[in-house]
Amino acid sequence: FVAQPFIVGGASMEPNFHNGEYLVVDELSYFFRPPTRGEVVVFRYPLGPREYLIKRVIGLPGETVEIREDGVYVINAEHPDGFRLEEPYLARGVKSRVFGPETIPEDRYFMLGDNRMMSKDSTFYAVYYDSTVTYGSGTYTFPSDGTIPSDKKMFQPRVGIAWDPQGDGRQV
């Protein structure tokens, strides 16, 4: 398959993805390139592989991530003194769990939900997500009631990835 359906379950990615929204996710892109910071991914939860999660890529392999009260900081080869991550996708005033600093293992990613305090993510379980569980990019959303708001185009692209080998529209 080149795309799979998913349904958002929960509030971990609000205000960008809402409970009950339908997603169609591309499964091919990450066969050709690795995930990049800021992309939204759908993947199997490593501590419960029957569960799928939707999160945002924050830290890349080999980087160090620290979350302070004033934001997320990343240290890498390009920025050895670190930089504060700009996160325009977050709701105003969103709070995060203080975390780290922690260095991300190679072939792993540090993921966070956009609704930080309501999210099972790398800060909550201290799990770094394996690059082999993510495939593709280009998420399309549909409202849960089946209507298309007048201010949105059908198939409005949002960045994202997923892999669902059963192809049965799993909940994320």
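For the structure given in this document, a descriptive report is provided here. (Residues numbered from 1 in each chain as written. Predicted model: local features only at pLDDT ≥ 70, side-chain atom pairs only at ≥ 80, totals over all residues. Heavy atoms only, no water.)

Description of unusual backbone geometry
Residues other than glycine predominantly adopt negative phi, and peptide bonds predominantly adopt the trans conformation.
No. 1: Cis peptide bonds are those with omega within 30 degrees of zero, and the linkage from E14 to P15 qualifies with 15 degrees.
No. 2: Locating P15 in the fold gives a position in the loop between β1 (3-7) and β2 (22-26).
No. 3: Cis geometry is adopted by the peptide bond preceding P101, which originates at G100 and carries an omega value of 10 degrees.
No. 4: If you trace the backbone, P101 turns up in strand β8 (residues 99-103). (Helix = DSSP H or I, 4+ residues; strand = E, 2+ residues; numbered from the N terminus.)

Some words on the sheet that holds strand β5 (residues 64-68)
Strand pairs in the sheet, formed through backbone hydrogen bonds, run parallel or antiparallel to each other.
No. 1: Pairing within the open sheet is antiparallel, and its four strands lie in the order β7-β6-β5-β8. Single-partner strands in this sheet number two, and they are β7 (83-84) and β8.
No. 2: Note: β5 against β8, three bridges, orientation antiparallel. Considered in β8, the bridge of V65 is made with E102. (Pairing = 2+ DSSP bridges.)

Re the nonpolar core
Grouped burial of nonpolar side chains is what soluble globular proteins tend to show.
No. 1: Among the nonpolar cores identified, the biggest contains twelve residues, and these are I58, V65, I67, V72, V74, L85, Y89, L90, F99, I104, F110 and L112.
No. 2: Counting residues per element, the ones that place at least two in this core are β5, β6 (71-75) and β9 (108-112).
No. 3: If sequence neighbours within four positions are ignored, V65 has contacts with G59, V72, Y73, F99, G100, P101, E102, I104 and F110.
No. 4: By size, the runner-up hydrophobic cluster in this structure holds ten residues, among which are F6, L23, V25 and I54. (Core = buried A, V, L, I, M, F, W, Y, C linked by side-chain atoms within 4.5 Å. Buried < 20%, exposed > 50% of the residue type's maximum accessible area, 1.4 Å probe, protein only. Contact = heavy atoms within 4.5 Å.)

Observations regarding the pattern of salt bridges
No. 1: Counted by the stated rule, this structure contains seven salt bridges.
No. 2: Note that E87 is salt-bridged to R116, the shortest N-O span being 2.5 Å. Residue E87 is located in the loop between β7 and β8, and its partner R116 is located in the loop between β9 and α1 (122-125); the two are separated by 29 residues in the primary sequence.
No. 3: Assessed through its relative accessible area of 14%, E87 is described here as buried.
No. 4: According to the relative accessible area criterion, R116 is buried, its value standing at 2%. (Salt bridge = Lys/Arg side-chain N within 4 Å of Asp/Glu carboxyl O.)

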